[in-house]
Amino acid sequence: MKDMSIENMPELPFDVTESLNQLRVSLGFSGENIKTIEITSSTPNEGKSFVAMNLWKMMADVGNRVLLIDCDLRNSEMRSKWGLQTNEELVGIVHFLAAKADVYDIVYKTNIANGYIIPVAACVPNPTILLEGKRFGELLEVCKSQFDYILLDTPALGSVVDALKIATYCDGSLLVIRSGETPRKMVENSVSLLNRTETPLLGVVLNRADTSKRGNNYYYNHYYRYGYHGEYYGNNGNKKPK
Ligand SMILES: Nc1ncnc2c1ncn2[C@@H]1O[C@H](COP(=O)(O)OP(=O)(O)OP(=O)(O)O)[C@@H](O)[C@H]1O
Ligand SMILES: [Mg+2]
């Protein structure tokens with residue numbers, strides 16, 4: 001298997017680590033059948049890749065064999081942001097979907113023990129047709145037999161159809177919300193879009209929350225996962241994001 005190193009993975013503050021840890025543990029209670037998890041958001045820049053990457057590392061650190069698939073096929077910044085380096089020829093998910101590579105050509109073992117990555121390698125302007133082919137589902141089926149968890153970092157739901165399509169292949173999705181930025185209507189729209197798929201919305205992650213308004217409770221810092229299965233955004237109209 002090819003190797004890849006991640007050169008730029010900053011240490012997280014204790015409180016952020018704790019909150020992500022809560023998210024990791026909570027996902028573990030989602031059920032044994034929840035292995036492929038899409039991470040998406042309503043708009044760009046809400047922190048999907050940040051959450052995906054750090055959750056991936058945390059899952060790997062506790063001994064899960066975990067695969068992160070970069071599914072931002074149009075505009076992946078993972079390689080530059082996280083300093084992904086390999087001495088091998090870089091081939092990724094686009095090559096696989098276009099039938100130019102096999103599964104084993106695109107999975108990289110990283111310098112994070114138990115952590116594996118499928119990069120994008122080459123962006124494409126219109127990947128919808130690639131996502132609609134049968135190879136995406138086949139990829140996940142093969143990977144499911146090899147890994148404990150597979151996290152899929154996707155584009156925002158509001159921009160392109162990709163994330164919704166990808167959700168249909170996954171066992172569950174997580175919706176990242178940038179605290180104080182994403183309009184409530186957009187969040188509601190994302191929830192209803194995701195609910196139209198048969199894939200359960202496992203929960204939402206409130207990213208970059210202003211902790212000063214929540215007292216000194218560390219667990220509210222940066223990440224806070226509201227209830228599972230739309231409990232927070234569900235049919236109970238009284239429960240809305242602040
Ligand atoms: N909780 C956080 N604390 C500090 N920085 C953060 C946090 N969440 C995100 N960021 C930073 O904000 C920027 C945007 O985050 P990120 O790239 O993860 O967003 P995204 O939703 O994946 O964006 P895109 O829609 O472009 O893919 C990045 O520079 C990231 O490092
Ligand atoms: Mg991203």
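Not measured: the values here are computed from a predicted model. (Residues numbered from 1 in each chain as written. Chains lettered and ligands numbered in written order. Predicted model: local features only at pLDDT ≥ 70, side-chain atom pairs only at ≥ 80, totals over all residues. Heavy atoms only, no water.)

Moving on, we get to the nonpolar core. Counting 60 residues, the largest nonpolar core has Ile69 and Ile93 as the members making the most contacts within it. Here this core takes eight residues from helix 2 (residues 48-61), the largest share from any one element. Non-local contacts of Ile93, meaning those with residues more than four positions away in its chain, are made with Ile69, Asp70, Cys71, Leu73, Ile106, Ile118, Pro119, Val120, Phe136 and Leu139. By size, the runner-up hydrophobic cluster in this structure holds 12 residues, among which are Leu157, Val187, Val191 and Val204. (Core = buried A, V, L, I, M, F, W, Y, C linked by side-chain atoms within 4.5 Å. Buried < 20%, exposed > 50% of the residue type's maximum accessible area, 1.4 Å probe, protein only. Helix = DSSP H or I, 4+ residues; strand = E, 2+ residues; numbered from the N terminus. Contact = heavy atoms within 4.5 Å.)

The subject of this paragraph is the packing of helix 1 (residues 14-28) against helix 2. Between helix 1 and helix 2, whose axes approach to 10 Å, the crossing angle comes to 70°. The pairing of helix 1 with helix 2 is recorded here as roughly perpendicular in orientation. On helix 2, the residues touching Thr17, Leu20, Asn21, Leu23, Arg24 and Leu27 of helix 1 are Val51, Asn54, Leu55, Met58 and Met59. Split into classes, the residues belonging to the contact of helix 1 with helix 2 amount to seven nonpolar, three polar and one charged. (Axes fitted to C-alpha atoms, helices over the stretch in contact; angles between N-to-C directions. Parallel < 35°, antiparallel > 145°, perpendicular 65-115°, else oblique. Nonpolar A, V, L, I, M, F, W, Y, C, P; charged D, E, K, R; others polar.)

Below, the discussion takes up the site of ligand 1. Around ligand 1 lies a shell of 12 residues, among which Lys48, Ser49, Phe50, Lys81 and Asn207 are the nearest. A distance of 3.0 Å separates an oxygen atom of ligand 1 from a polar backbone atom of Gly47. Contact between ligand 1 and Phe50: an oxygen atom at 2.8 Å from a main-chain N or O atom of the residue. Burial of ligand 1 by the protein amounts to 76% of the accessible area it has alone, namely 630 Å². (Near = heavy atom within 4 Å. Polar contact = N/O pair within 3.5 Å; in protein donor to acceptor, adjacent residues only side chain to side chain. Areas by Shrake-Rupley, 256 points an atom, 1.4 Å probe, with all protein chains shown as cover.)

Once that is clear, we can look at the pairing of strand 9 (residues 201-209). In regular strands, side chains alternate between the two faces of the sheet. Taken across its nine residues, strand 9 has eight buried, putting it largely inside the fold. Strand direction decides the pairing type here: strand 8 (residues 172-178) and strand 9, joined by six bridges, are parallel. Counterpart to Val176 in the pairing with strand 9 is Val205. A crossover connection joins strand 8 to the parallel strand 9 through helix 9 (residues 184-196); in handedness this β-α-β unit is right-handed. (Pairing = 2+ DSSP bridges. Right-handed = clockwise from strand over helix to strand, strands pointing away.)

Of note, Ala98 is situated in the loop between helix 4 (93-97) and helix 5 (103-106). Each C-alpha atom, one on Ala98 and one on Gly133, is 9.2 Å from the other, the two residues being 35 residues apart in sequence.

To continue, consider unusual backbone geometry. Across residues other than glycine, the phi torsion is negative in most instances, and most of the peptide bonds are trans. One non-glycine residue, Ala121, lies in the positive phi region at around 75°. On the secondary structure map, Ala121 appears in the loop between strand 6 (115-118) and helix 6 (128-132).

Moving on, we get to helix 2. In this model, helix 2 (14 residues) spans 20 Å end to end at C-alpha, consistent with the 20 Å of a helix rising 1.5 Å per residue. Judged by how many residues are buried, helix 2 sits mostly within the fold: 10 of 14 residues are covered. Among the residues of helix 2, those classed as buried are Lys48, Val51, Ala52, Met53, Asn54, Leu55, Trp56, Met58, Met59 and Ala60. Within two residues after helix 2, Gly63 carries a phi angle of roughly 105°, on the positive side. (Expected span 1.5 Å × (residues − 1).)

Further remarks concern the side chain of Thr43. Within the secondary structure layout, Thr43 lies in the loop between strand 2 (36-41) and helix 2. Since its relative accessible area comes to 18%, Thr43 is described here as buried. Excluding anything up to four places from it in sequence, Thr43 contacts Lys48, Ala156 and Met186.

A few words now on the packing of aromatic side chains. Scanning all chains against the criterion turns up two aromatic pairs. Ring centres of Tyr116 and Phe147 lie 5.2 Å apart, and the angle between their planes is 65°; this geometry places the pair in the edge-to-face category. Of the two residues, Tyr116 is situated in strand 6 and Phe147 in the loop between helix 7 (135-144) and strand 7 (149-153); the sequence distance between them amounts to 31 residues. With a relative accessible area of 5%, Phe147 lands in the buried category. Ring plane angle 45° and centroid distance 4.8 Å describe the contact between Phe136 and Tyr169, whose orientation is recorded as tilted. Taken as a pair, Phe136 in helix 7 and Tyr169 in the loop between helix 8 (162-167) and strand 8 lie far apart in primary sequence, 33 residues in all. We note Arg135 situated over the ring of Phe96; from NZ or CZ to the ring centre the distance is 4.1 Å. (Phe/Tyr/Trp six-rings, centres within 6.5 Å; stacked < 30°, edge-to-face > 60°. Lys NZ or Arg CZ within 6 Å of the ring centre and 35° of its normal.)

With that settled, the discussion passes to the pattern of salt bridges. Scanning all chains against the criterion turns up six salt bridges. Here Asp61 ties to Lys57 by a salt bridge, and the two come within 2.9 Å at their closest N and O atoms. One end of the pair is Asp61 and the other is Lys57, both in helix 2 and four residues apart, which spans about a single turn. Residue class for Lys57 comes out partly exposed when judged on its relative accessible area of 23%. The salt bridge partner of Arg74 is Asp162, with a shortest N-O separation of 2.7 Å. Linking Arg74 in the loop between strand 3 (66-70) and helix 3 (78-82) with Asp162 in helix 8, this pair joins segments that are 88 residues apart in sequence. Residue classification places Arg74 among the partly exposed positions, given a relative accessible area of 26%. (Salt bridge = Lys/Arg side-chain N within 4 Å of Asp/Glu carboxyl O.)

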